[in-house]
Amino acid sequence: MEMTAVATYRPCPSCGTEQVSDLPKFNRDAWRIGMCNLCDFVFLRNPVEYTALEDEFAWEKTYASAGESHTKARSYLSAFAQKVRLLSYRMRGRHAQLYLKHLKAGPVIDIGCGDLVRFDERFVPFGIELSTALQSAADTAMRELGGFCIHGAGADAIWEFEAGAVESVLMHSYLEHEVAYARVLDGCFRVLRPGGQIFIRVPNFSSLNRRIAGAKWPGFRYPDHVNYFTPASLQKAVESAGFKFKIVNRHKIWLDDNIQALAIKPTHN
């Protein structure tokens, strides 16, 4: 699929500086990956507009086009890491339960939900989805369970919910897609009740496999992965929004290609 990048480079989404160095070894086609000279945050410098992500670069299209190349590029270490993760999942229960057990029962918002309802009967599901086709399917399914799905960008749509409206938020493979990730985290802080939690899963730019695989690391997705978090940069983002931060998979974070973490809203100021 042919893709056209925007010409304008954005500043660092972590600290706001325009002092950014290009990382040419990670660039692909027109897409430019950069590292902030001040805080070391790594990000896509020239992402597409939200409107393009609704259809032209919708997740279901870019994921399908990237799947074959990622399979071919998978390193031996990545395959080994995947086996370790699968063994861990079997020992600890189904994959879905790994994040559901961290979320409080009741109303929950799944940001970047795709067309899925990921929750059991303990939850009332609400969603936010930018892809037009996926949002329609999710809305139909969620309304049958007492919720609904909003069409739009997470950083905007989260503000359509009332303050203190939900117990939990799920960001499963979402925050790496969000250009305005600080705004969406601020919106989540507002919409969560005291003690509420966000479960966050993002690619781990500091993983051992990424260091070895280099540009062939499967965590690179162009143009829909716009932020490349490390545990430290994710902690900074979460705490800047007022949350407490906790890594769930700390015991294997060095090997895991993903970070699994909780952002916990304090029960008092």
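Residues numbered from 1 in each chain as written. Predicted model: local features only at pLDDT ≥ 70, side-chain atom pairs only at ≥ 80, totals over all residues. Heavy atoms only, no water.

### Considerations on helix α5 (residues 132–143)
Then comes step 1: When the terminal C-alpha atoms of α5 are compared, their 17 Å separation across 12 residues agrees well with the 16 Å that a helix rising 1.5 Å per residue should span.
Then comes step 2: What α5 keeps buried is the set L134, Q135, A138, D139 and M142. Along the long axis of α5, the arc covered by the buried residues comes to 135°, so they all point the same way. (Helix = DSSP H or I, 4+ residues; strand = E, 2+ residues; numbered from the N terminus. Expected span 1.5 Å × (residues − 1). Buried < 20%, exposed > 50% of the residue type's maximum accessible area, 1.4 Å probe, protein only. Arc of directions from axis to C-beta.)

### A few points about the sheet that holds strand β4 (residues 106–111)
Sheets are built from strands paired through backbone hydrogen bonds, the pairs being either parallel or antiparallel.
Then comes step 1: Pairing is mixed in the open sheet, where 7 strands are placed in the order β6-β5-β4-β7-β8-β11-β10. Each of the sheet's edge strands pairs with one partner strand only, and the pair in question is β6 (148–151) and β10 (244–247). Between one strand and the next, the sheet's axes are offset by a mean angle of 20°, whatever the strand orientation.
Then comes step 2: Judged from the 6 bridges that link them, β4 and strand β5 (residues 123–129) form a sheet pairing that is parallel. Looking at the pairing, V108 lines up with P125 of β5.
Then comes step 3: On top of the sheet, helix α7 (residues 181–191) reaches β4, β7 (166–172) and β8 (192–203); it is set at about 150° to β8, its chief contact.
Then comes step 4: Packing against the sheet, helix α9 (residues 231–240) makes contact with β8, β10 and β11 (258–264), and its axis sits at approximately 150° to β10. (Pairing = 2+ DSSP bridges. Axes fitted to C-alpha atoms, helices over the stretch in contact; angles between N-to-C directions. Contact = heavy atoms within 4.5 Å.)

### Topic: the sheet that holds strand β3 (residues 42–44)
Then comes step 1: Spatially, the 4 strands line up as an open sheet ordered β1-β2-β3-β9, and their pairing is antiparallel. A strand with exactly one partner marks an edge of an open sheet, and here the two such strands are β1 (20–22) and β9 (227–228).
Then comes step 2: The pairing of β1 with strand β2 (residues 33–36) spans 3 bridges and is antiparallel. Bridged to V20 within β2 is C36.

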